[in-house]
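The residues making up each chain are set out below.
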Amino acid sequence: MKHFTTVHDVHDVHALVAEAIALKQNPFAHRDAGLNKTLGLFFMNPSLRTRLSTQKAAQLLGMNVLAMNMDKDGWALELEDGAVMNGSKVEHIREAAAVLGQYCDIIGLRSFPELHDRATDYSEHTFVKFLHHCKTPVLSLESATLHPLQSLADLITIQSHAVKPKPKVVLTWAPHVKALPQAVANSFAEWILAAEMDLTIAHPPGMELCADYTAGATITHNQDEALADADFVYVKNWSSSNDYGKTYDDASWMLTPGKLHNAPDAKIMHCLPVRRDVELSAALLDSNRSLVTEQAANRVFAAMAVLKRMLEGLPQTQNAMQHETVNAL
Amino acid sequence: MKHFTTVHDVHDVHALVAEAIALKQNPFAHRDAGLNKTLGLFFMNPSLRTRLSTQKAAQLLGMNVLAMNMDKDGWALELEDGAVMNGSKVEHIREAAAVLGQYCDIIGLRSFPELHDRATDYSEHTFVKFLHHCKTPVLSLESATLHPLQSLADLITIQSHAVKPKPKVVLTWAPHVKALPQAVANSFAEWILAAEMDLTIAHPPGMELCADYTAGATITHNQDEALADADFVYVKNWSSSNDYGKTYDDASWMLTPGKLHNAPDAKIMHCLPVRRDVELSAALLDSNRSLVTEQAANRVFAAMAVLKRMLEGLPQTQNAMQHETVNAL
Amino acid sequence: MKHFTTVHDVHDVHALVAEAIALKQNPFAHRDAGLNKTLGLFFMNPSLRTRLSTQKAAQLLGMNVLAMNMDKDGWALELEDGAVMNGSKVEHIREAAAVLGQYCDIIGLRSFPELHDRATDYSEHTFVKFLHHCKTPVLSLESATLHPLQSLADLITIQSHAVKPKPKVVLTWAPHVKALPQAVANSFAEWILAAEMDLTIAHPPGMELCADYTAGATITHNQDEALADADFVYVKNWSSSNDYGKTYDDASWMLTPGKLHNAPDAKIMHCLPVRRDVELSAALLDSNRSLVTEQAANRVFAAMAVLKRMLEGLPQTQNAMQHETVNAL
């Protein structure tokens, strides 16, 4: 694997999940896999789980880690080619990405959407430019439209609890107080469908996800119908992808125990952070139906499996420090 | 040792001090003690000495470290059970603590008091909830009411300089420009008394410390009397624990060389940072009576001794990565 | 080498450049050079390249790293001796430096000038005090007047591309939107002249650099004349060192391809971050004349060579943890 930005970078989803589960059972067996390799983690937006789990995964593989909060450290990047840089942006993404590529063997990047202009966000404007200019394998720590490390962890969690070969998985829209990206939902759909599970997506009218990610899923506005016989219920808010970035205000979509009357064995999932009693009732989060902590724990093994594959994909002779020819006199 | 949040977590204070002093003499002898173990350092408030010394201690023990500024990174935690999370708090301490517990074998937590409501702060509201939900050994990096790593470092420093078996130790209140917690003072009293030293506490009327920590100490409002024949003088400001959080304005309590006329050999201590010529005169800080730098240096060995004990206390088969049963299909 | 704050700390510049180039060819050969040694990186100002490259260099040498943003973490230091600390500064540089010196074997420090008072900045007020009180070898990560790690990386880059023994190197002033320090320019001049290369400095009237650093260079206000037959053109803005901190507004000094008509083989250099089409035309940055990415990559080997020399210069028996005598009772 060279880059990891979508499920399409993965040759065999089931094999990757199996490798992650094996790593969970034996996390210290590959301490030399990343020897002398450097992982850069660059955050244009806040991160807790992703930062810690990816850093831990890299440590378990013996990699060196360089981390930087591009947002907090006020290193505002210019993204537009041709810009005359006489404003507040101190560096162009061309130079920043090229330099970071020189310091790292693999680069993890987080860059959220702005939720203003759909075309810009869905072109993965920032990610694509960064990836082009850094000339180094890139690991998505969540892009404008996708969050593949989260989805892989979700799939590991489902596989670990599924009691039938093709479980019924339901992704149900949830209320929220803020406009959130569609990335987690898009990505979850993409991965569950790639794993050939039975996916139903329930959301209010107008909150359709981008069809590129949902082909093959059953889509409904009837939450009650969707939840019937569910094995796994994934709760997630997203803002509109049509009336781009708009939120929807309907508290009746909050998941409660009562709504699961036809799904007595359904496990509850959420990527966290979760707004208790807004998205999802506290009673469900605190019940033994909830897999949310385990999902977060599985982020480590998702990142480990992906980093291990990316390390294996590095050219044998690659040495991030020798991109440039040295012509010593 | 499982948790380390107060002197009561320590079976034998003298043995712990002796171990820290042995580690100082031979700091590189235990580089494998923390192999494959992860220490998380989570700061809800700023930190310089505690952050650096604890991180260094972990590195000397071969641990991996994950550090995060919860405050700076704007990850505002909801603490109240039952809260409907429709405000500015993005995550509940229940989920945050549970997830961090999954990533770490030992968690260091710093959480200052708010100094608004004594009952809340003295219940160690945040610490207790975090400790309960993370299900992982917790190391205090300073809580609302105590700072045991500082106190252990102070005790190491005193032991290293004491020329009699039971030195006279004086804790004297100092002026300051801000309202500070009582944690360092409470904790110092608790540890000095646990070590069975002779402790005198001098403070202005109204600035009593909580009696839970001071039973056995001589307490006086007469600074001059307190300082007579002192072997060690610990200078520290704290805000009122009765008229909770109120400050007291009396520059005459600043420690100066002249006040030590009856304590010619007294060593001067302070946990730092110190306000020069406000809490303590610059002349004393710059004299060879001052132990403040050595106290700060001893923070490394205090943290090492505690972490080593906590590592020894981990279940032999414990593996933070395997809290969840893996039911791979 | 004990400290590294200027070219004068280097016995033989050519030997240091040669060592850096050898390290670039074989970066993993000295993984034990820094075993059990701790590098502290303390930033009073923002940093991207310097932070990442120095951290990477330390990792390649097997050192432990403790990093802290003094500016971001709001740890405002009092610099003035004799100050009564009743204001907003929480700690004096005397205590802060002394404590950091206890935690580290080598300390990297970044401290920019304020550009208000020339005498203060050029006395290296902050750096000198820090160095005095920390009692530990200090590595400059850019001081008020000099940036020697950048200059060493620049020299490595020039040596790697030079096709004649004494190349013509031109430092040309560039327009900018902000008032920048003179440090990179001062330091570049100092190092190029120490390496006995042919240096021409071109700048508008009034933008003279401090003569202490430029003795031996050809200095001109005629950019066109300066650029003729150049082998390397270093583009850099600086504010006035006479009318201290004043900027100069003349877009005609921006370097463009057309200006290089008499220097067909000239390579273009810049320390980054660069304002595209303000300091330097995008066309030049995107051409194969540009060495800017390679300069940034060479920062790792500059830092490695310097750290390796500083590690070799540490007393054999030195142990940062044992500065204080332990008198265990």
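Rules used in this analysis
- Residues numbered from 1 in each chain as written.
- Chains lettered and ligands numbered in written order.
- Predicted model: local features only at pLDDT ≥ 70, side-chain atom pairs only at ≥ 80, totals over all residues.
- Heavy atoms only, no water.
- Helix = DSSP H or I, 4+ residues; strand = E, 2+ residues; numbered from the N terminus.
- Rg over C-alpha atoms; globule rule 2.2 N^0.38 Å.
- Buried < 20%, exposed > 50% of the residue type's maximum accessible area, 1.4 Å probe, protein only.
- Contact = heavy atoms within 4.5 Å.
- Areas by Shrake-Rupley, 256 points an atom, 1.4 Å probe, with all protein chains shown as cover.
- Least-squares fit on C-alpha atoms with pLDDT ≥ 70 in both.
- Pairing = 2+ DSSP bridges.
- Buried area = accessible area lost by both parts, 1.4 Å probe.
- Salt bridge = Lys/Arg side-chain N within 4 Å of Asp/Glu carboxyl O.
- Polar contact = N/O pair within 3.5 Å; in protein donor to acceptor, adjacent residues only side chain to side chain.
- Expected span 1.5 Å × (residues − 1).
- Axes fitted to C-alpha atoms, helices over the stretch in contact; angles between N-to-C directions.
- pLDDT = per-residue confidence, 0-100.
- Parallel < 35°, antiparallel > 145°, perpendicular 65-115°, else oblique.
- Nonpolar A, V, L, I, M, F, W, Y, C, P; charged D, E, K, R; others polar.
- Phe/Tyr/Trp six-rings, centres within 6.5 Å; stacked < 30°, edge-to-face > 60°.
- Lys NZ or Arg CZ within 6 Å of the ring centre and 35° of its normal.

A. How the structure looks around the overall build of chain A. For chain A, the count of helices and strands is 11 helices and 11 strands. Scaling as 2.2 N^0.38, a compact globule of 329 residues should have a C-alpha radius of gyration of about 20 Å, and chain A matches this with 20 Å. The burial tally for chain A puts 66% of its 329 residues in the buried class. For chain A, the share of sequence-separated contacts (at least 6 apart) that also reach a separation of at least 24 residues comes to 79%. Summing over all exposed atoms, chain A offers an accessible surface of approximately 11,200 Å²; the carbon and sulfur share of this is 49%.

B. How the structure looks around the relation of the copies chain A and chain B. In screw terms, the move from chain A to chain B is a rotation of 120 degrees and a rise of 0.0 Å along the axis, fitting with an RMSD of 0.0 Å. The two molecules are tied by a three-fold rotation axis, judged by turn and shift. Judged by C-alpha distance, K72(A) is the residue of chain A that lies nearest the rotation axis, at 5.0 Å. Little of the interface of chain A is mirrored in chain B: 2% of its interface residues are interface residues there too.

C. Spatial organisation of the pairing of strand β1 (residues 38–43) of chain B. Residues and elements named next belong to chain B. Of all six residues making up β1, six are buried, and the element is well covered by its neighbours. The two faces of β1 match: T38, G40 and F42 on one face and L39, L41 and F43 on the other face are all buried. Pairing of β1 with strand β2 (residues 64–69), which is carried by six bridges, proceeds in the parallel orientation. Bridge assignment links G40 to a residue of β2, and that residue is L66.

D. The environment of E225(C), seen in detail. Residues and elements named next belong to chain C. Note on placement: E225 falls in helix α9 (residues 223–227). Sequence separation between E225 and N262 is 37 residues; the distance between their C-alpha atoms is 9.1 Å. Leave out the neighbours within four places in its chain, and E225 touches K168 and T220.

E. View of the interface of chain A and chain B. The interface is formed by 41 residues belonging to chain A together with 41 residues belonging to chain B. Three residues stand out in chain A for area buried against chain B, namely L48(A), L52(A) and R276(A), and they jointly supply 18% of the buried area on that side. Linking chain A to chain B there are three salt bridges. The salt bridge involving R49(A) is made with E91(B); its shortest N-O contact spans 2.8 Å. Where chain A touches chain B, the interface holds 12 residue pairs in polar contact (both at pLDDT 80 or more). Among the secondary structure elements, those contributing two or more residues to the side of chain A that touches chain B are α1 (13–25), α2 (49–60), α6 (148–161) and α11 (292–313) of chain A.

F. Region of the structure containing the interface of chain A and chain C. Across the contact, 41 residues belong to chain A and 40 residues belong to chain C. Summed over both sides, the interface between chain A and chain C buries roughly 3,600 Å², with carbon and sulfur atoms accounting for 60% of that surface. If you look at where chain A meets chain C, you find three salt bridges. On inspection of chain A and its partner chain C, the count reaches 12 residue pairs in polar contact (both at pLDDT 80 or more).

G. Up close: the side chain of H92(B). Along the polypeptide, H92(B) turns up in strand β4 (residues 91–92). Side-chain polar atoms of H92(B) contact the backbone oxygen of E80(B), separated by 2.9 Å. Residues contacting H92(B), with those up to four places away along its chain left out, are R276(A), E78(B), L79(B), E80(B), D81(B) and M85(B).

H. Just the pairing of strand β7 (residues 168–173) of chain C, in detail. Residue and element names in this part refer to chain C. With six of six residues buried, β7 is to be regarded as a mostly interior element. Every second residue of β7 is oriented toward a common face, with K168, V170 and T172 on one face and V169, L171 and W173 on the other, all of them buried. Where β7 and strand β8 (residues 198–202) come together, five bridges link them in parallel fashion. Paired with L171 across the strands is I201, a residue of β8. With five bridges connecting them, β7 and strand β10 (residues 232–236) associate as parallel partners. Looking at the pairing, V170 lines up with V233 of β10.

I. Broad picture of the relation of the copies chain A and chain C. With an RMSD of 0.0 Å, the operation that places chain A on chain C is a rotation of 120 degrees combined with a shift of 0.0 Å along the axis. Taken together, the interface assignments show that only 2% of the residues at the interface of chain A recur at the interface of chain C, consistent with different surfaces on the two copies.

J. How the structure looks around helix α1 (residues 13–25) of chain B. Residues and elements named next belong to chain B. Over its 13 residues, α1 extends 19 Å from the first C-alpha to the last, a length consistent with the 18 Å expected when each residue adds 1.5 Å. Residues of α1 that are buried include every one of V13, L16, V17, E19, A20, I21, L23 and K24, and no others. Contacts from the buried residues of α1 go to α6 (148–161), α7 (183–194) and α11 (292–313). Between a side-chain oxygen at the N-terminus of α1 and the backbone nitrogen of H14 the separation is 3.0 Å; the capping residue is D12.

K. Layout of the sheet that holds β1(B). Residues and elements named next belong to chain B. Taken in spatial order, the four strands of this open sheet run β2-β1-β5-β6, and their pairing is parallel. The open sheet has two free edges, formed respectively by β2 and β6 (138–140), since each of these has just one partner strand. Strand after strand, the sheet turns through a mean of 20 degrees between neighbouring axes, direction not considered. Direction of pairing for strand β5 (residues 106–110) relative to β6: parallel, over a ladder of three bridges. For I107, the partnering residue across the bridge sits in β6 and is V138. The sheet contacts of helix α5 (residues 125–134) involve β5 and β6, and relative to β6 the element is tilted by about 160 degrees.

L. Broad picture of the confidence of the model for chain A. When pLDDT is averaged along chain A, the result is 94, and 95% of the positions lie at 70 or above. On the interface metric, ipTM, the complex scores 0.93, and its pTM is 0.95.

M. Just unusual backbone geometry, in detail. The omega torsion of the bond from L272(B) to P273(B) falls at 0 degrees, within 30 degrees of zero and hence cis. Relative to the helices and strands, P273(B) resides in the loop between β11 (267–269) and α10 (282–285). Phi is positive for L272(C), which is not a glycine, with a value near 65 degrees. Looking at the secondary structure, you find L272(C) in the loop between β11 (267–269) and α10 (282–285).

N. Representation of the packing of α1(B) against α6(B) within the structure. Residue and element names in this part refer to chain B. Where α1 meets α6, the axes come as close as 10 Å, and the angle between the chain directions of the two elements is 75 degrees. The orientation of α1 relative to α6 falls into the category roughly perpendicular. On α6, the residues touching V13, H14, L16, V17, A20 and I21 of α1 are L152, L155, I156, Q159 and S160. Split by residue class, the contact of α1 with α6 holds eight nonpolar, three polar and no charged.

O. Quick look at the pattern of salt bridges. The tally for this structure, following the rule as stated, stands at 36 salt bridges over all chains. Here E19(C) ties to R309(C) by a salt bridge, and the two come within 2.8 Å at their closest N and O atoms. On the criterion of sequence distance, the pair formed by E19(C) in helix α1 (residues 13–25) and R309(C) in helix α11 (residues 292–313) is long-range, its members being 290 residues apart. Taking the shortest distance from any N to any O, the salt bridge between K129(C) and D81(C) comes out at 3.1 Å. On the criterion of sequence distance, the pair formed by K129(C) in helix α5 (residues 125–134) and D81(C) in the loop between β3 (77–78) and β4 (91–92) is long-range, its members being 48 residues apart. Overall, K129(C) belongs to the buried group, its relative accessible area being 15%. One network of salt bridges, with partners in common, ties together D81(A), R94(A), E95(A), K129(A), R276(C) and D286(C).

P. Expanded view of the packing of aromatic side chains. One pass over the structure, following the stated rule, counts 15 aromatic pairs over all chains. Aromatic pair W173(C) and W253(C): ring centres 6.3 Å apart, planes at 85 degrees, arrangement edge-to-face. Taken together, the residues span a long stretch of sequence, with W173(C) in strand β7 and W253(C) in the loop between β10 and β11 at a distance of 80 residues. Aromatic ring contacts, followed pair by pair, group W173(A), Y248(A) and W253(A) into a single cluster. It is R51(B) that lies over the ring of F43(B); its NZ or CZ is 4.4 Å from the centre.

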